[in-house]
Structures are given as C-alpha cells and as structure tokens.
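Geometric and topological summary
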Amino acid sequence: MKKKIPILLSMVLIPLVGIAVWYNTPIDLMNLDANEVMEIVVFNGNSGNTTHIEDKGQIQHIIDNLNDVEVKRAKLSAGYSGYCFKVTIYLSDGNQADDWNNFIINSDDTIRKDPFFYSVSKGKIDYNYLENIVE
C-alpha cells in the first residue's frame, strides 16, 4: 500500500505540471512570409463591415508586425461574444493560412482564438494601424 501512494501521487502531479508548463509557454503569434500572403480580410465587429486588404505595403506591415508578437494563454474564452477585428489571412494559393488564422484582435495586447484569450508577452500589435485601414 505504501508503494501505491507515491505512484498515484506522481500520476496526478506529473500531468498537472505538464499542463501548467504548456499553459504558460509563450507562443509566436505567426511566422509567415508576407510575400506569400495574397489578402488579409478583416471583419470589424463594431461596424459589421468587412475590409479586404490587398495592398502589398499594408500586408507587409501587418504581417511583419504580427510576426514580431509573442503571446501567452491568459484565460478561457468560452462564453464570450463580440469582438473588434476578426482577421483571416489568405495565401497566394488561395487557401487560408494554417495555425494562427481566423483570430480576433480586441486591443493592442489581447487576442482571442478559441478556446483561449491570449495576452501579448513580447512586442505589440499595431492596433491603430489596423483600425485606420478598416474604418
């Protein structure tokens, strides 16, 4: 019986430590080559308008900015609705970009990609630049 307690304890403790490390590990927001991006579609949740960004200079600025951002999981996003900007990135082949795509930018330091909210831990999202384009 005495040998079972440490084994059971380690079976619970090791996964909990693993989950804590995974949850707190910083994540690169994206790693895209701006030359591969054909279009960025931004839906403005405040106005209901959709903006199609096809200008290479604007795409370059947005992708370079997002490539420099690192985020950490902040909290669960289940049950929340409403947002500022929903960003969808389309590549030159017409397909949506993998990984960080269809995410929501709520401010210069908060992103939502279900099932989590993410806070910026390195860099800063150029929220004002995006806001000026879509309004």
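In case you missed it, the structure is sitting above this.
Bear in mind the structure is a predicted one, so any value in this text is a computation, not a measurement.

What follows deals with the overall build of the protein chain. Of the regular secondary structure elements, the protein chain holds three helices and eight strands. Listing the helices and strands of the protein chain from first to last along the sequence gives α-β-β-β-α-β-β-β-β-β-α. Against the compact-globule benchmark of 14 Å for 135 residues, the protein chain has a radius of gyration of 19 Å, which places it well outside the compact range. Overall size of the protein chain, expressed as C-alpha extent along the three principal axes, is 70 × 30 × 25 Å. As displayed, the protein chain offers around 8300 Å² of accessible surface, 54% of which is attributable to carbon and sulfur atoms. When the 12 positive and 18 negative side-chain charges of the protein chain are each reduced to one mean point, those points stand 20 Å apart.

Turning next to the pattern of salt bridges. Going through the model one piece at a time under the given rule, you end up with two salt bridges. In this structure, Lys124 engages Asp108 in a salt bridge whose closest nitrogen and oxygen atoms are separated by 3.3 Å. A residue pair is termed long-range when its members are at least 10 positions apart, and Lys124 in the loop between strand 8 (116–122) and helix 3 (127–134) and Asp108 in the loop between strand 6 (103–107) and strand 7 (110–113) qualify at 16 residues. Judged by relative accessible area, which is 54%, Lys124 ranks as exposed. One salt bridge connects Asp114 with Arg112, and the closest N-O pair in it is separated by 3.4 Å. Residue Asp114 is classed as exposed on the basis of its relative accessible area, which comes to 53%.

Tracing the backbone through its elements, the reader meets Cys84 in the loop between strand 4 (70–76) and strand 5 (85–91). The class for Cys84 is buried, based on a relative accessible area of 15%. Separated by 26 residues in the primary sequence, Cys84 and Gln58 have C-alpha atoms spaced 19 Å apart.

Moving on: the packing of helix 2 (residues 56–67) against helix 3. Between helix 2 and helix 3, the shortest axis-to-axis distance is 10 Å and the interhelical angle comes to 150°. When the axis of helix 2 is compared with that of helix 3, the two are roughly antiparallel. Seen from above, helix 2 lies across helix 3 with left-handed handedness. Every residue of helix 3 that contacts helix 2 at Gly57, Gln58, His61 and Ile62 is listed here: Tyr129, Leu130 and Ile133. Residues that form the contact of helix 2 with helix 3 fall into these classes: four nonpolar, three polar and no charged.

Cut-offs applied
- The numbers attached to residues start from 1 for each chain and follow its sequence in the written order.
- Predicted model: local features are reported for residues with pLDDT of at least 70 only, side-chain atom pairs are reported and counted for 80 or more only, and whole-chain, interface and lining totals are derived from all residues.
- Only heavy atoms go into the side-chain values, all of them from the structure, while hydrogens and water stay out.
- The helix and strand labels rest on DSSP assignments: H or I over at least four residues marks a helix, E over at least two residues marks a strand, and numbering proceeds from the N terminus.
- In this description the radius of gyration comes from C-alpha coordinates, and the expected globular size is given by 2.2 Å times residues to the power 0.38.
- Where accessible areas are quoted, they stem from the Shrake-Rupley method and a 1.4 Å probe; at the residue level, only the protein chains shown are allowed to cover.
- Positive charges come from Lys and Arg, negative ones from Asp and Glu, while His and the chain ends are left out of the count.
- Throughout, a charge is located at the NZ atom of Lys, the CZ atom of Arg, the CG atom of Asp or the CD atom of Glu.
- Salt bridges are defined as contacts in which a side-chain nitrogen from Lys or Arg sits within 4 Å of a carboxyl oxygen from Asp or Glu.
- Buried, partly exposed and exposed residues are distinguished by accessible area as a fraction of the type maximum, computed with a 1.4 Å probe on protein chains only: under 20%, between the cut-offs, and over 50%, respectively.
- For every element, the axis is a line fit to its C-alpha atoms; helices are fit only across the contacting stretch, and the angle between N-to-C directions ranges from 0 to 180 degrees.
- In this scheme, roughly parallel covers angles under 35 degrees and roughly antiparallel covers those over 145, while 65 to 115 is roughly perpendicular and the rest are oblique.
- We call a crossing left-handed when the near helix sits turned anticlockwise from the far one by less than a right angle, and right-handed when that turn is clockwise.
- What makes two residues a contact is simply this: any of their non-hydrogen atoms within 4.5 Å.
- Residues were grouped as follows: Ala, Val, Leu, Ile, Met, Phe, Trp, Tyr, Cys and Pro as nonpolar; Asp, Glu, Lys and Arg as charged; and all remaining residues, including Gly, as polar.

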